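Next come the chains, spelled out residue by residue.
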Amino acid sequence: MAAPHHTSHHAEPDTISHPCRVCGTTSHASGNQGNGRICRGCWYKIGIILLIVMVIASYVVWIGLL
């Protein structure tokens, strides 16, 4: 007699989508899966904001040196 085949031990594909930590949209709904549970669009926004802050900080340093 053969042992019954258990399918419960097989891993199911990950269909659970976690919401983005910044904007709250799910990655499957928007199609933008990013790293760290942050969607790709929010990563671009964070990068642009950091770039602007760095430019402003560099102007502050240059004006302070003059």
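Note: the structure precedes this text.
Okay, so let's go over this structure. (Residues numbered from 1 in each chain as written. Predicted model: local features only at pLDDT ≥ 70, side-chain atom pairs only at ≥ 80, totals over all residues. Heavy atoms only, no water.)

## A word on the overall build of the protein
Along its length, the protein carries two helices and zero strands. In the protein, buried positions account for 9% of the 66 residues. Long-range pairs, those at least 24 residues apart, make up 3% of the contacts in the protein between residues at least 6 apart in sequence. Summed over its atoms, the accessible surface of the protein is roughly 6000 Å², and 67% of this surface lies on carbon and sulfur atoms. (Helix = DSSP H or I, 4+ residues; strand = E, 2+ residues; numbered from the N terminus. Buried < 20%, exposed > 50% of the residue type's maximum accessible area, 1.4 Å probe, protein only. Contact = heavy atoms within 4.5 Å. Areas by Shrake-Rupley, 256 points an atom, 1.4 Å probe, with all protein chains shown as cover.)

## Structural notes on unusual backbone geometry
Positive phi values are uncommon outside glycine, yet R37 reaches one of about 55°. By the secondary structure assignment, R37 is in the loop between α1 (27-30) and α2 (40-65).

## Things to note about the state of the cysteines
According to the stated counting rule, one finds zero disulfides in the structure shown. The closest cysteine sulfur to the non-disulfide-bonded C39 is located on C42, 3.5 Å from its own sulfur. Relative accessible area serves as the criterion here: at 9%, C39 is assigned to the buried category. (Disulfide = S-S within 2.5 Å.)

## As for a nonpolar patch on the surface
A surface patch of nonpolar side chains, amounting to about 390 Å² of accessible area, comprises I48, I52, I56 and V60. Its place among the elements puts I52 in helix α2. (Patch = residues over 30% accessible without salt bridge, like charges linked within 9 Å, V, L, I, M, F, W, Y side chains within 5 Å. Salt bridge = Lys/Arg side-chain N within 4 Å of Asp/Glu carboxyl O.)

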